[in-house]
Amino acid sequence: MDLTVYSVDREDSTEKVLFESKDKLYCIKLDDYLFMRQGDDISTVHCYNLPTSKTMKINRTEKDGLPNIIYDRKWFYTYTNEDGSFSFVFMKEEDYIDGKTDYITTK
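Keep in mind that this is a model prediction, so the values were computed, not measured.

A. Geometry of a nonpolar patch on the surface. A cluster of nonpolar residues, I69, Y71 and F88, forms a patch on the protein surface that exposes about 340 Å² of accessible area. For Y71, the location among the structural elements is in strand β7 (residues 69–71). By relative accessible area, which is 60% here, Y71 ends up exposed.

Below, the structure is given as structure tokens:
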């Protein structure tokens, strides 16, 4: 079964495909972004920027969650630790998009 996320123009009802998947599809909207992961590949995040109408492919690790909070251009998300527990971490927006792994956390 094909799963599709698309936008629809309010004026003429034309559709624009944002994401497609032949498997599981997980999407969340947060702030000005729509995030999507598909299938079992949780290390690839597709991000649609609503104001600019641009789609980005972001390479993350399998231990990184999708952003839960965006505040002051910092993206907060959960990280899976080696022991299976979770930490709430954050990094600058551009670092998350660039695939960097040096997050900030508290204990």
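B. Structural context of the nonpolar core. Grouped together as the largest cluster of nonpolar side chains are 14 residues, with contacts concentrated most on Y33, F35, V45, C47, I70, W75 and Y96. Listed by contribution, the elements that provide at least two residues to this core are β4 (33–38), β5 (41–49), β8 (74–80) and β9 (86–92). Broken down by element, the residue count for this core peaks at 3 residues, all from β8. If near-sequence neighbours (up to four positions away) are discounted, W75 is found in contact with Y33, F35, C47, P67, I69, I70, V89, F90, M91, E93, Y96 and I97.

C. Examining unusual backbone geometry more closely. Even without being a glycine, S13 presents a positive backbone phi close to 65 degrees. Its place among the elements puts S13 in the loop between β1 (3–8) and β2 (15–21). Of note, R73 is a non-glycine position whose phi angle comes to about 60 degrees, a positive value. Structurally, R73 is set in the loop between β7 and β8.

D. Quick look at the pattern of salt bridges. Going through the model one piece at a time under the given rule, you end up with 6 salt bridges. Among the ionic pairs, D72 bridges to K74, the shortest N-O distance being 3.4 Å.

E. Local environment of the sheet that holds strand β10 (residues 104–105). Read across the open sheet, the 4 strands follow the order β7-β8-β9-β10; overall the sheet is antiparallel. Among the strands making up the open sheet, the edge pair consists of β7 and β10. When β8 meets β9, the two strands line up antiparallel, connected through 7 bridges. Opposite Y77, over in β9, you have V89 as the bridge partner.

F. Expanded view of the confidence of the model for the protein. In the predicted model, the protein carries a mean pLDDT of 84, and 92% of its residues have values of at least 70. When mean pLDDT is compared element by element in the protein, β9 scores highest at 93, while β1 scores lowest at 70.

G. View of the environment of S53. Among the structural elements, S53 can be located in the loop between β5 and β6 (54–59). A C-alpha to C-alpha distance of 29 Å links S53 and F88, two positions 35 residues apart in sequence. When near neighbours in sequence (up to four residues on either side) are disregarded, S53 contacts K16 and Y48. Among the polar contacts made by the side chain of S53, one reaches the side chain of Y48 at a distance of 3.4 Å.

Rules of the game
Residues numbered from 1 in each chain as written. Predicted model: local features only at pLDDT ≥ 70, side-chain atom pairs only at ≥ 80, totals over all residues. Heavy atoms only, no water. Patch = residues over 30% accessible without salt bridge, like charges linked within 9 Å, V, L, I, M, F, W, Y side chains within 5 Å. Areas by Shrake-Rupley, 256 points an atom, 1.4 Å probe, with all protein chains shown as cover. Salt bridge = Lys/Arg side-chain N within 4 Å of Asp/Glu carboxyl O. Helix = DSSP H or I, 4+ residues; strand = E, 2+ residues; numbered from the N terminus. Buried < 20%, exposed > 50% of the residue type's maximum accessible area, 1.4 Å probe, protein only. Core = buried A, V, L, I, M, F, W, Y, C linked by side-chain atoms within 4.5 Å. Contact = heavy atoms within 4.5 Å. Pairing = 2+ DSSP bridges. pLDDT = per-residue confidence, 0-100. Polar contact = N/O pair within 3.5 Å; in protein donor to acceptor, adjacent residues only side chain to side chain.

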